[in-house]
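The residues making up each chain are set out below.
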Amino acid sequence: MTEGRLETRDRNTDDTGRHWWQYLSKEKWKAFFAAWLGVLLDGYDFVLISFALPMIIAAFDLSLVQGASLISAAFISRWIGGLILGAVGDRFGRKPAMVASMMLFAIASIGMAFAPNFAFLFAARLAVGFAMAGEYSSSATYVIESWPRHMRNKASGFLLSGYAFGVILAAQVDKFLMPWVESWHPGWGWRALFLTGIVPIFLALYMRRRLPEADDWKAAKAARSKSAREPDAFSVLFGGRRRVLNILGAVLASVALLVIFAVSGVPTWLITTFAIVCGVIFIAFIVQFDPRRWVTGVAIMVTIFASFMYTWPIQGLLPTYLDGVGMDENVVANVVAIAGLGNAIGYIVAGFAGDRFGMRRWYAISLIISQVIVFPLFMQGGEFVFLVGTLLFFNQMFGQGISGLLPKWVTSYFPVEQRAAGLGFAYNVGALGGAVGPLVGASLASRFGLGSALAVLSVGFALIVILSIALNLPRKLQQLVNADAVRPEDGDDEVVAQA
């Protein structure tokens, strides 16, 4: 019986009268909460740079472009972190990958606190992005594989809510900690922020000692012959006969991304050339990773890229937009906090609604609702603050919150032995849209106004995501190219149930 049939049966025909939370043992809740805290700290560490950036620029006498490159640096290294740490998760277990990612997070954050110069800061931000990708893929696969199959939409949505709460926590820590430290040791406020990144070390040590391994991974491990070598992405790409070529490709892609996002004054034609080169390298890696199902991998990457392109221009440029329509600093902070709360609640709503209505159906409905809100949000000029806050709350709840189901959607396309690396690589290559989106939004704003640019980008790229997920385009494209490689699990609950 397929996974989808199990999910449908459990959700619709269970006569025990148990509530959903009663399906989880105390150990399962403990494991979930530890992974959720990891994702919270993931979001917390990732956005600290946004709050510390003005003081960092002043401390090291940086240009605005150099300062912005510290934000882009984490996106540059995410793809390789997702691949390598995801391969660790596939080969050695989800828990070791989570522990390694959290330790690297903490070390990089502490390194930023004591950074002597810009180059050191930039290298530490590369490490943050590398670790974030690994933590995301390992935590998502860990929780999804640990929860009962009929509850994995909840597992995915609930887990990703940690990221939104991490962003909210970072804002509050910045509000109180930085002024307090500055009052008795000027110049150390931003460094104190990064020192709080030591917390993941303690969580990692706890997880290493106390938490069990994910159920699906343990079952797959036990089912294999002890003498069989587990197929992981790292050994496929960097341990085979093409290893030299692939290593050169990885270096070239990393350099190209550095030039695109961290170097100012690069001609447009060179940026375009480097972008094409990166695309070719990433597709080549996907083809080697799974030669029979590479079309599925490429379709997933494009979908996630479009997802970041519709969400990150709003997330990255929202304070700029609100300031531009005349809101003062305190009002902007409050409105952004309201948007963040909507985002956090949206992840939880997505978990319940995905199980209730089916993941693909709810994904499309939720995104359509969010895009109906977009034009009233950005076309009314910000005159009515309460209206802006309300529209932003629901736009983020339905538009950004629904992305909490992305881990469940992506993992359905990968078998257990490839799942962490598949999710880590495909998701984090697509996440480059988070670096591209704000730049495109700012460029369009010079011609059409920032509000119009944000609205058009949101609706245009959300439409791509709606079509891809609602119609299950990765599966359909795979059928066209190599129908024999289509798996019954490809897609989501409804497609699987009909397979």
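Residues numbered from 1 in each chain as written. Predicted model: local features only at pLDDT ≥ 70, side-chain atom pairs only at ≥ 80, totals over all residues. Heavy atoms only, no water.

### Describing the overall build of the protein chain
Part 1 of the argument: If you tally the helices and strands in the protein chain, you get 22 helices and zero strands.
Part 2 of the argument: Across the 499 residues that make up the protein chain, the buried fraction comes to 56%.
Part 3 of the argument: Long-range pairs, those at least 24 residues apart, make up 82% of the contacts in the protein chain with a sequence separation of at least 6.
Part 4 of the argument: Surface exposure of the protein chain reaches about 20,600 Å², of which carbon and sulfur atoms provide 68%. (Helix = DSSP H or I, 4+ residues; strand = E, 2+ residues; numbered from the N terminus. Buried < 20%, exposed > 50% of the residue type's maximum accessible area, 1.4 Å probe, protein only. Contact = heavy atoms within 4.5 Å. Areas by Shrake-Rupley, 256 points an atom, 1.4 Å probe, with all protein chains shown as cover.)

### Considering the environment of Phe92
Part 1 of the argument: In this structure, Phe92 sits in helix α3 (residues 64-92).
Part 2 of the argument: Placed 129 residues apart in sequence, Phe92 and Lys221 show a C-alpha to C-alpha distance of 9.6 Å.
Part 3 of the argument: When near neighbours in sequence (up to four residues on either side) are disregarded, Phe92 contacts Glu213 and Trp217.

### Points about the packing of helix α12 (residues 268-289) against helix α13 (residues 294-324)
If you want to describe how two helices pack, look at the angle between their axes and the distance between the axes.
Part 1 of the argument: Between α12 and α13, whose axes approach to 8 Å, the crossing angle comes to 140 degrees. Here α13 runs oblique to α12, going by the angle between their axes. The handedness of the crossing between α12 and α13 is right-handed. Within the contact between the two elements, α12 uses Phe282, Ile283, Ile286 and Val287 and α13 uses Trp294, Gly297, Val298 and Met301. (Axes fitted to C-alpha atoms, helices over the stretch in contact; angles between N-to-C directions. Parallel < 35°, antiparallel > 145°, perpendicular 65-115°, else oblique. Left-handed = near helix turned anticlockwise from the far one by under 90°.)

### Considerations on the side chain of Gln400
Part 1 of the argument: The topology assignment puts Gln400 in the loop between α16 (385-399) and α17 (406-411).
Part 2 of the argument: Of note is the side chain of Gln400, whose polar atom sits 3.2 Å from the side chain of Tyr347.
Part 3 of the argument: In contact with Gln400, other than residues within four places in its own chain, are Thr311, Gln315, Asn343, Tyr347 and Asn395. (Polar contact = N/O pair within 3.5 Å; in protein donor to acceptor, adjacent residues only side chain to side chain.)

### Things to note about the nonpolar core
Burial of nonpolar side chains together is a common tendency in soluble globular proteins.
Part 1 of the argument: If you look at the biggest cluster of nonpolar residues, it comprises 124 residues, and the most contacted ones within it are Phe46, Ile56, Trp79, Leu159, Phe194, Phe282 and Phe425.
Part 2 of the argument: Ranked by residue count, the leading element in this core is helix α2 (residues 26-60), at 18 residues.
Part 3 of the argument: If we skip the residues at most four places from it in the chain, Phe46 touches Ala74, Phe75, Arg78, Arg125, Val128, Met132, Tyr163 and Trp312.
Part 4 of the argument: Ranked by size, the runner-up nonpolar core spans 21 residues in total, among them Leu322, Ala339, Val374 and Leu392. (Core = buried A, V, L, I, M, F, W, Y, C linked by side-chain atoms within 4.5 Å.)

### Considering the side chain of Thr303
Part 1 of the argument: Note on placement: Thr303 falls in helix α13.
Part 2 of the argument: Not counting chain neighbours up to four residues away, the residues in contact with Thr303 comprise Trp409, Val465, Ser468 and Ile469.

### A look at the packing of aromatic side chains
Part 1 of the argument: Under the criterion given, the structure shown has 23 aromatic pairs.
Part 2 of the argument: Judged by centre distance (6.0 Å) and plane angle (65 degrees), the ring pair of Trp180 and Trp184 falls under edge-to-face. Here Trp180 pairs with Trp184, and both are found in helix α6 (residues 152-184), just four residues apart, close to one helical turn. As far as burial versus exposure is concerned, Trp180 and Trp184 are alike and both exposed. (Phe/Tyr/Trp six-rings, centres within 6.5 Å; stacked < 30°, edge-to-face > 60°.)

### Points about α2
Part 1 of the argument: Taking 1.5 Å per residue as the helical rise, α2 with its 35 residues ought to reach 51 Å, and the 49 Å between its terminal C-alpha atoms agrees with that figure.
Part 2 of the argument: The largest bend in α2 comes to about 60 degrees, at Ala52, with the proline Pro54 one to four residues further on.
Part 3 of the argument: Backbone geometry just downstream of α2 places Asp61 in the positive-phi region, at approximately 55 degrees. (Expected span 1.5 Å × (residues − 1). Bend = angle between axes of the 7 residues up to and from the residue.)

### Notes on the environment of Ser452
Part 1 of the argument: Within the secondary structure layout, Ser452 lies in helix α20 (residues 450-470).
Part 2 of the argument: Taking the relative accessible area as the measure of exposure, Ser452 reaches 27% and is therefore partly exposed.
Part 3 of the argument: Sequence separation of Ser452 and Met379 is 73 residues, and the distance between their C-alpha atoms is 7.1 Å.

### Observations regarding empty space enclosed by the protein
Part 1 of the argument: This structure, assessed with the given rule, holds six cavities of 30 Å³ or more.
Part 2 of the argument: When residues of the lining of the largest cavity are traced back to their parent elements, those giving at least two are α5 (118-146), α6 and α13. (1 Å grid on protein atoms, 1.4 Å probe; cavity = no way out; pocket = protein on both sides within 12 Å on 5 of 7 lines; lining within 4 Å. Points joined across faces, edges and corners; volume = space filled by probe spheres on them.)

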